[in-house]
Amino acid sequence: VGAAGLAVSALSHQPLNPFLCLPSEADPSSSALDVSVAADCLAVRSGGRSVAAALPAEVRLAPSSTRGLRRLPGDGLHLRMRLRRPPPPADLVHTLRQSLKPQKSYVFYCQSCGDVIVKDRKFLRVLPLPSENWSALVEEWCCHPNPFARSTLHPQQDDCFLGDTFFLLNSGNVSHKSKENTRVICKRCRTMLGETASADTIKCYVTEVIIRPSEESFSPIPRSQFVQSMVAQCLVELSSAKSTFRFTVKGDDGKIYILIWLLNSDTLLVESLGSSSSHGVFTMFGDTFMPSSGPVGTWNAVKVLYQPCIKSRNKDLADAWEDDIGVHPLKFPSETCMELLLILGLSTISLPPSLRCMNSFQVRSSCY
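Nothing here was measured: the structure is a model prediction, and the numbers come from that model. (Residues numbered from 1 in each chain as written. Predicted model: local features only at pLDDT ≥ 70, side-chain atom pairs only at ≥ 80, totals over all residues. Heavy atoms only, no water.)

1. Re helix α3 (residues 223-242)
Residues spaced three or four apart along an α-helix face the same direction, because each turn holds 3.6 residues.
Here is step 1: Here α3 is 20 residues long and its end C-alpha atoms lie 28 Å apart, about the 28 Å a rise of 1.5 Å per residue gives.
Here is step 2: By the criterion of burial, α3 is predominantly enclosed, with 14 of the 20 residues buried.
Here is step 3: Phi turns positive, to about 50 degrees, at S243, one or two residues after α3. (Helix = DSSP H or I, 4+ residues; strand = E, 2+ residues; numbered from the N terminus. Expected span 1.5 Å × (residues − 1). Buried < 20%, exposed > 50% of the residue type's maximum accessible area, 1.4 Å probe, protein only.)

2. A closer look at the sheet that holds strand β3 (residues 33-37)
Here is step 1: An order of β3-β4-β5 is seen for the three strands of this open sheet, with the pairing classed as antiparallel. Looking at which strands have only one partner, the edges of the open sheet turn out to be β3 and β5 (49-54). For this sheet, the mean angle separating the axes of adjacent strands, direction not counted, is 10 degrees.
Here is step 2: In this structure, strand β4 (residues 41-46) lies alongside β5, joined through six bridges in antiparallel fashion. When the bridges of β5 are listed, R45 appears paired with S50. (Pairing = 2+ DSSP bridges. Axes fitted to C-alpha atoms, helices over the stretch in contact; angles between N-to-C directions.)

3. A look at unusual backbone geometry
Here is step 1: Even without being glycine, S243 reaches a positive phi, approximately 50 degrees.
Here is step 2: With respect to the secondary-structure elements, S243 resides in the loop between α3 and β17 (246-250).
Here is step 3: Phi at N314 takes a positive value of approximately 55 degrees, unusual for a residue other than glycine.
Here is step 4: Counting through the fold element by element, N314 comes out in the loop between β19 (296-308) and α4 (315-322).

4. Structural notes on the packing of aromatic side chains
Here is step 1: Tallied over the entire structure, the rule returns six aromatic pairs.
Here is step 2: Relative to F167, the ring of F108 has its centre 5.4 Å away and its plane inclined at 65 degrees; by these criteria the two rings are edge-to-face. You can see F108 sitting in strand β8 (residues 105-110) and its partner F167 sitting in strand β12 (residues 166-170), a full 59 residues away along the chain.
Here is step 3: By relative accessible area, which is 1% here, F108 ends up buried.
Here is step 4: For F167, a relative accessible area of 1% puts it in the buried group.
Here is step 5: Seen from their ring centres, W261 and F361 are 6.0 Å apart, and the 85 degrees between their planes marks the pair as edge-to-face. Linking W261 in strand β18 (residues 256-272) with F361 in strand β22 (residues 361-367), this pair joins segments that are 100 residues apart in sequence.
Here is step 6: Using a relative accessible area of 36% as the deciding quantity, one classes W261 as partly exposed.
Here is step 7: Classification of F361 by relative accessible area gives buried; the value is 9%. (Phe/Tyr/Trp six-rings, centres within 6.5 Å; stacked < 30°, edge-to-face > 60°.)

5. Digging into the pattern of salt bridges
Here is step 1: Counting across every chain of the model gives eleven salt bridges.
Here is step 2: The closest approach of N and O atoms between E335 and R183, which form a salt bridge, is 3.5 Å. Remark: R183 occurs in strand β13 (residues 183-185) and E335 occurs in helix α5 (residues 334-349); sequence separation between them is 152 residues.
Here is step 3: Note on R183: relative accessible area 25%, which makes it partly exposed.
Here is step 4: Where E208 meets R223, a salt bridge forms, and the shortest distance between an N and an O atom there is 3.0 Å. Residue E208 is found in the loop between β15 (201-205) and β16 (209-213), and its partner R223 is found in helix α3; the two are separated by 15 residues along the sequence. (Salt bridge = Lys/Arg side-chain N within 4 Å of Asp/Glu carboxyl O.)

6. Observations regarding the sheet that holds strand β9 (residues 116-122)
Here is step 1: Across the sheet, three strands lie side by side as β9-β8-β16; this open sheet has antiparallel pairing. The open sheet has two edge strands with one neighbour each: β9 and β16. Direction aside, neighbouring strands of the sheet carry axes that sit 20 degrees apart on average.
Here is step 2: With four bridges joining them, β8 and β9 adopt antiparallel strand pairing.

7. Focus: α5
Here is step 1: Counted at 1.5 Å a residue, the expected span for α5 with its 16 residues is 22 Å, and the 23 Å between its end C-alpha atoms agrees.
Here is step 2: All buried positions along α5 are accounted for by S334, T336, C337, L340, L341, I343, L344, S347 and T348.

8. Examining a positive patch on the surface
Here is step 1: A cluster of like positive charges, contributed by R67, R70, R80, R82 and R84, occupies part of the molecular surface.
Here is step 2: Elements with a minimum of two residues in the positive patch: β6 (60-72) and β7 (76-84).
Here is step 3: At three residues, β7 tops the list of elements feeding residues into the positive patch.
Here is step 4: Structurally, R84 can be placed in strand β7. (Patch = residues over 30% accessible without salt bridge, like charges linked within 9 Å, V, L, I, M, F, W, Y side chains within 5 Å. Areas by Shrake-Rupley, 256 points an atom, 1.4 Å probe, with all protein chains shown as cover. Lys, Arg positive; Asp, Glu negative; His and termini not counted. Charge placed at Lys NZ, Arg CZ, Asp CG, Glu CD.)

9. Side note on the environment of N264
Here is step 1: Along the chain, N264 turns up in strand β18.
Here is step 2: The sequence separation of N264 and V302 amounts to 38 residues, and the corresponding C-alpha distance is 5.8 Å.
Here is step 3: Only 2.4 Å separates the side chain of N264 from the side chain of T267, close enough to count as a polar contact. (Polar contact = N/O pair within 3.5 Å; in protein donor to acceptor, adjacent residues only side chain to side chain.)

Here is the structure:
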């Protein structure tokens, strides 16, 4: 972490061994170090300077469990200790399926610029779609030709169908269609919102549209925060519903951009600015994830391993994953796939060098 920061990563609410990394600036080889640990704070003193990191009220450390203190060149100080926190609420992840209800009026906004895409729309039916590879599974299950081969799912005027990474609407509800191609484009900022699925159906991606009840006003969300939050929600929901933990991230051009392996979905990330006089603080997520007030930020996060697949990188592995029925495909606009890859890369380089990779995969935590 940065010159005056400290990061804590822990799992769920059980007593565990979280990893803490102290800034390398507080670890000069020529000075003695004094590391003190209390239930609510950790501090390092060296050469008359002090770096302290407070923890939020719900997070507590067990000082007697401290172990593994060591110095790694280029990393700083590493140590492990037990951490405790209250059980997280059952509705920790607010999914799209939970946010859209029938018989309630909604407004759909372009996430990038806030332009209204669908205004005050009340759906009579809000229904989940089957998995994208359901047709292939039917062929495995049936001993006769697929009886649904010619069947299509088209929402009517008052329907909204929810997929893994998108929702389907009747095209009569949306005016932001491009006449030149099958893309659905925001009229104001020209961002791709989705694509036409048929003559009367459009597909909008969850990473491009913000949905709010009609009585609520629109409030912008930083792009990087929104993208990683929505992708993390997709990973958590699919891993819970389908017991799948490996994913291919595909663009609307059909290419695989990223391979993602979900390690856990109950990580707690705590980031503290500390009390150092240094002003060159670099945070794990940049300004978009800084708390609005106070020295400590806390987020629920997923921890993933990933491999980039652009420019034919990791092609053999990507081909193997694509043919593996245990790997779930996630489709987003190609531009969003590149944004996600950049977000993953920026998070990885914010970690100490010794923690950036596991085998051949790179490590990343995404907040939601």
